[in-house]
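Chain by chain, the residues run as shown.
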Amino acid sequence: MKTLTIVRIIHTASDQGSFGQHIVDARIRRIGRVSGGEMERRISARWKEIADRIQSAFPKLLNGIVVYQDSLCVELKDEIIKALKARKDFESPNDRLLKELMEKGALIEGTESLELVGEFIGIFKEVASAATASEQQKILAGHALKVQSLLKARDEYIAKRIDATLPEGGQGILFIGEAHRIEEELEKLPSTFQIIYL
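The rules we used
- Residues numbered from 1 in each chain as written.
- Predicted model: local features only at pLDDT ≥ 70, side-chain atom pairs only at ≥ 80, totals over all residues.
- Heavy atoms only, no water.
- Phe/Tyr/Trp six-rings, centres within 6.5 Å; stacked < 30°, edge-to-face > 60°.
- Helix = DSSP H or I, 4+ residues; strand = E, 2+ residues; numbered from the N terminus.
- Buried < 20%, exposed > 50% of the residue type's maximum accessible area, 1.4 Å probe, protein only.
- Salt bridge = Lys/Arg side-chain N within 4 Å of Asp/Glu carboxyl O.

**Student:** Please explain the packing of aromatic side chains as it appears in this structure.
**Tutor:** The way to describe two aromatic rings as a pair is by their centre distance and the angle between their planes. Inspection of every chain in the model, using the stated rule, returns two aromatic pairs. Between Phe120 and Phe124, the aromatic rings sit 5.0 Å apart at their centres with planes inclined by 40 degrees, giving tilted as the arrangement. On the criterion of helical spacing, the pair formed by Phe120 and Phe124 is a turn pair, its members being four residues apart in helix α5 (residues 114–128). The buried category is assigned to Phe120, whose relative accessible area is 15%.

**Student:** Is there a simple way to think about the pattern of salt bridges in this case?
**Tutor:** Oppositely charged side chains can form a pair if their charged atoms are brought close together. Summed over all chains, the structure comprises 13 salt bridges. Its salt-bridge partner being Lys48, residue Asp52 comes within 2.9 Å of it at the nearest N-O pair. Of this pair, Asp52 and Lys48 both sit in helix α2 (residues 33–57), four residues apart, roughly one helical turn. You can call Lys48 exposed: its relative accessible area is 52%. Across the pair Lys146 and Glu119 runs a salt bridge, and its minimum N-O distance is 2.8 Å. On the criterion of sequence distance, the pair formed by Lys146 in helix α7 (residues 144–165) and Glu119 in helix α5 is long-range, its members being 27 residues apart. Salt bridges sharing common partners tie together Lys152, Glu156, Glu185 and Lys188.

Printed below as a string of structure tokens:
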């Protein structure tokens, strides 16, 4: 049996690199500046809660534990790990937590397909570039089936990737967004997973 701790996350604007400001701007157009700022505060508080729960659940060294992160593409894994190791200051609480886990001995594993993530981000770049909230909704509605199809394809890929890289008897931690339905895809695999929610 393989053990997988699933941690539901919300991405911050700083997780998205140069695309992050577009997300913030789109959110402000959709819900207003004050509400948008409140959303960022809530996201930051959620990441503090996640870090505290991880520390409580895994207080010691994490040697052999494999960490998976949605949007961390297999093709970019080495580059991302190198960048995390070199950084001292972090805007992204997600990146900070990944570095802390690495320093405690966890192995960061490439989790997603660059092609699928790129296609997914492309849709949301188009949505974020819309001038008004109603335009955003119209664009998103036009891509609704494609978004669902891409999410399913990403979840299938993630599940297969975890199964291929997490050894029998091994323990993993998956940081994944709320929209994903990874459990459905894990159930289809020949391996048996014990799922723990954090």
